[in-house]
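Geometric and topological summary
Given next are the chains, with one letter for each unit.
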Amino acid sequence: MSKQASVSNYDQSVIINGFRLSGVQDLNGSYTIQKTPINILGQGHVLSLLNAPTEGNFSFSRNMISEDPLLNLTGNLGFSGTIDYLEKSFGFSGGYLTSYSVSCGIGQIPTINTDITVFGDIGSGLSHSATGTHPAIYTPSQGSIFIECEGTGTNRITNFDYNINMNRQPIYKVGSRGPVEVCLIKP
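Residues numbered from 1 in each chain as written. Predicted model: local features only at pLDDT ≥ 70, side-chain atom pairs only at ≥ 80, totals over all residues. Heavy atoms only, no water.

1. Topic: the overall build of the protein chain
Looking only at helices and strands, one finds zero helices and 15 strands in the protein chain. The C-alpha atoms of the protein chain give 21 Å as radius of gyration, which overshoots the globular expectation for 187 residues (16 Å, by more than 25%). Judged by the C-alpha coordinates and their principal axes, the protein chain covers about 75 × 55 × 35 Å. The proportion of buried residues among the 187 residues of the protein chain is 26%. (Helix = DSSP H or I, 4+ residues; strand = E, 2+ residues; numbered from the N terminus. Rg over C-alpha atoms; globule rule 2.2 N^0.38 Å. Buried < 20%, exposed > 50% of the residue type's maximum accessible area, 1.4 Å probe, protein only.)

Laid out in structure tokens, this is it:
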């Protein structure tokens, strides 16, 4: 018989740009290290060299229970973060939002889905602490959702979906470990 383990919310935390995020339900992460083997005639494979910068990706979904501090990170500035799980910590710097979506309906807890691409350092040796205070908890109710567009607006909204996709292009220079600039490619 296999032993099943569960992890409580207080055993994990996600800190992005100094804010400890609440309501995280699901988190996935990966990174790639591209290497080229060096072969010497008569010796075969001797060692490998990096042939591209390290790049990581994180995606997570969470319940939206307050004003979201991540919405301000859709611009050109990079950020850092840490994912703590039980006794382990995995951090990054040089992260950029690549996708952000909110889904909300009356009588439901709004959900946020976020995708982050990391062009900087990533690994278990990086750690960042929470410095910001969490916004006040707020749950939407009927009439509290308001949409305004070109001088007119309404609060007769029963549900909505809001999506932002940001295409990022890192620019590297010879000898640098990270990009010197990450451009936001506009449509």
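2. A closer look at the environment of E181
Counting through the fold element by element, E181 comes out in strand 15 (residues 181-185). Separated by 161 residues in sequence, E181 and R20 place their C-alpha atoms 27 Å apart.

3. Structural notes on the side chain of S66
Position of S66 relative to the elements: it lies in the loop between strand 6 (55-63) and strand 7 (79-85). Aside from chain neighbours lying at most four places away, what touches S66 is H134, P135, A136, I137 and Y138. (Contact = heavy atoms within 4.5 Å.)

4. Things to note about the environment of S127
Residue position: S127 is located in the loop between strand 10 (122-123) and strand 11 (147-149). With relative accessibility at 55%, the residue S127 sits in the exposed group. For S127 and I83, which are 44 residues apart along the polypeptide, the C-alpha to C-alpha distance reads 8.4 Å. Setting aside its immediate chain neighbours within four residues, S127 contacts T82 and S89.

5. Focus on the nonpolar core
Judged by nonpolar contacts, the single largest core of 20 residues is most densely connected at I16, L21, F58, L70, F79, F92 and I116. Going through the elements one at a time, strand 1 (12-16), strand 6, strand 7, strand 8 (88-105) and strand 9 (111-118) are the ones with two or more residues in this core. Sorting elements by how many residues they give to this core places strand 8 first, with four residues. Discounting chain neighbours no more than four positions away, the residues touching F92 are I16, F58, F79, S80, G81, I116, V118, D121, I122, L126 and H128. (Core = buried A, V, L, I, M, F, W, Y, C linked by side-chain atoms within 4.5 Å.)

6. Some thoughts on the packing of aromatic side chains
Remark: the centre distance and the inter-plane angle together describe each pair of aromatic rings, the angle taken between the planes. Summed over the entire model, instances satisfying the criterion amount to five aromatic pairs. Among the aromatic side chains, those forming a connected cluster through ring pairs are Y31, F58, F79, F90 and F92. (Phe/Tyr/Trp six-rings, centres within 6.5 Å; stacked < 30°, edge-to-face > 60°.)

7. Re the confidence of the model for the protein chain
Here the protein chain averages 82 in pLDDT, and 94% of its residues register 70 or above. Mean pLDDT values for the elements of the protein chain range from 74 in strand 5 (residues 44-50) up to 94 in strand 9. Taken as a whole, residues 1-5 scores under 50 in pLDDT and shows zero contacts with residues more than four places along the chain or in a different chain. (pLDDT = per-residue confidence, 0-100.)

8. As for a nonpolar patch on the surface
There is a patch of nonpolar side chains on the surface, built from I40, V46, L47 and L49 and spanning about 330 Å² of accessible area. Per element, the largest residue contribution to the nonpolar patch is three residues, and it comes from strand 5. Structurally, L47 is set in strand 5. (Patch = residues over 30% accessible without salt bridge, like charges linked within 9 Å, V, L, I, M, F, W, Y side chains within 5 Å. Areas by Shrake-Rupley, 256 points an atom, 1.4 Å probe, with all protein chains shown as cover. Salt bridge = Lys/Arg side-chain N within 4 Å of Asp/Glu carboxyl O.)

9. Details of the side chain of D68
Position of D68 among the secondary structure elements: in the loop between strand 6 and strand 7. Look at D68 and you get buried, because its relative accessible area is 8%. Each residue touching D68, except ones within four places of it in the same chain, is listed here: R62, Y100 and I112.

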